Amino acid sequence: MPALMIQGTGSNVGKSLLVAGLCRAARRRGLSVAPFKPQNMSNNAAVTVDGGEIGRAQALQARACWLDPVADMNPVLLKPETDTGAQVILHGRAVARAEARDYAALRPRLLAGVLESFARLSAAHDLVIVEGAGSPAEVNLRPRDIANMGFARAAGVPVVLAGDIDRGGVIAQIVGTKAVLDPSDAAMIRGFLVNKFRGDPRLFDDGYRLIEQHTGWRGFGVVPWFAGAHRLPAEDAVDLRASQGEGLHVVCLCLSRIANFDDLDPLAAEPGVRLTMLGPGRAIPGDAGLVVIPGTKSTLGDLAFLRAQGWDVDLAAHVRRGGHVLGICGGFQMLGRVIRDPSGSDGAAGEVAGLGLLDVETVMAPDKLLERVTGTALGQPVTGYEIHMGRTTGPDCARPFAHIPGPDGAISADGRIAGTYLHGLFADDAFRAAWLARLGAASQPGYEAGVDRALDDLADHLEAHLDVSGLLAVARSGG
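Residues numbered from 1 in each chain as written. Predicted model: local features only at pLDDT ≥ 70, side-chain atom pairs only at ≥ 80, totals over all residues. Heavy atoms only, no water.

(A) Seen up close, the sheet that holds strand S25 (residues 410–411). Spatial ordering of the open sheet is given by S15-S13-S16-S18-S26-S25, a layout of six strands whose pairing is mixed. At either end of the open sheet lies a strand with only one pairing partner, and these are strand S15 (273–278) and S25. Sheet topology note: the strand S16 (residues 290–293)/strand S18 (residues 324–328) ladder contains four bridges and is parallel. From the neighbouring strand, Val-291 faces S18, where its bridge partner is Val-325. (Pairing = 2+ DSSP bridges. Helix = DSSP H or I, 4+ residues; strand = E, 2+ residues; numbered from the N terminus.)

Written as structure tokens, this is what we have:
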């Protein structure tokens, strides 16, 4: 089973992009390659061709391999619903809700599922490139781990450890990881790499040698900062960023359980759009032309969060000024008159008044709709996906936002308030241009092609600065 696992010294050290770039590099060398992440924690999910859901980072990595995403690429997905609890997705389907303290009891079932998925991918491809989660240095979590050394040991996959020099202390990150690991876990690590270097990498030569001396591990290279990272979808909500464009001011409300936030990436790439990702405690700017209420893993919880920021008052003022509002998925549900949850699918059973900006109402249900869709909106073709619980009906649904192929969403009588369950809609150039034209902004085509160019540039970047041949040799030989 030729495979290689990239683990990190911490979260956000660049594991996802390293795997994506290595996947594209290996594919361009003629290998059939697939990405794999045993366990992910994210509310940013993609719908797979086999009708499941996985982390969107693995969907991007699949794209780097020129593959459609399948549920086996991320067999365990944890979708946080509260500070201590999450929905547990196994093989693309929700199987449980678990509090952090109860998660250990699920480990045997989840690890078995992880190994099943890995075996299927390994049988179907020449190479599997695996992404770890967080850091193996969190040794207090080792007894219940299935994401790092728990997987590597069970599957016999060699590991390369990535450190992030941009944060500082990369020598201690890597050497310290070796110091705290169980010797049998440390033996799985075949080498290290240093990521996100700014400046002249030769200035780190002494530090690089120190890491080799203190760990006994082989170094596979120093990767300079990849300036094109902003052209690729962000994996984590901590990476949400404003755009550098000018013109139409689009404000997206950063909800506490924001989900599928890469819906906004194509707008952020538009030179004629200034996108603000508005954090808590900040008022909606008066010059906003469009306010977006994005998807969320907890509609009722984030509706309360929205009100706690005073954004409901700001939205009412925005609408009085003639501004536009778009709600996507959970944001669409919030725009209605009421949200009913008779079975407690989204929290405590009961009903809550919505924002009242659309004449619709939503009834929550335990079953989740997961579907890739194609259709039309504003007379233009759209593709995307639905991933939601609940059904929304009401008079404003007589003016649907899209047809995919059945009617989807709702638009107010004056056309300024709209809601849709469709994720990914702005990636379609023609629709995005038509939507922005309604708001007086021009559009630049080629978003999807730009993502593919960025993946090629990332692969070129890694080929230039890493010993990619050495990494692939480790995968083939197991070390």
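(B) A look at the pattern of salt bridges. Applying the stated criterion across every chain, the model contains 34 salt bridges. With its nearest N and O atoms 2.6 Å apart, the salt bridge here joins Arg-257 to Asp-83. Linking Arg-257 in the loop between strand S13 (248–253) and strand S14 (258–259) with Asp-83 in the loop between strand S6 (76–80) and strand S7 (85–90), this pair joins segments that are 174 residues apart in sequence. We note a salt bridge from Asp-164 to Arg-167, for which the minimum N-O separation is 3.1 Å. (Salt bridge = Lys/Arg side-chain N within 4 Å of Asp/Glu carboxyl O.)

(C) Structural detail: the nonpolar core. Core analysis: the biggest nonpolar cluster contains 60 residues, and Leu-253, Ile-293, Leu-306, Leu-315, Phe-401 and Trp-435 have the highest contact counts within it. Take this core: its biggest share by element is five residues, from S13. The residues touching Leu-253, leaving out its near neighbours within four places in the chain, are Ile-258, Leu-278, Ile-284, Val-291, Val-292, Ile-293, Pro-294, Leu-306, Trp-311 and Leu-315. (Core = buried A, V, L, I, M, F, W, Y, C linked by side-chain atoms within 4.5 Å. Buried < 20%, exposed > 50% of the residue type's maximum accessible area, 1.4 Å probe, protein only. Contact = heavy atoms within 4.5 Å.)

(D) Spotlight on the side chain of Ser-412. Its place among the elements puts Ser-412 in the loop between S25 and strand S26 (417–420). According to the relative accessible area criterion, Ser-412 is buried, its value standing at 8%. From its side chain, Ser-412 meets the backbone nitrogen of Arg-416 in a polar contact 3.4 Å long. Apart from residues no more than four positions distant in its own chain, Ser-412 is found in contact with Leu-357, Leu-358, Asp-396, Arg-399 and Ile-417. (Polar contact = N/O pair within 3.5 Å; in protein donor to acceptor, adjacent residues only side chain to side chain.)

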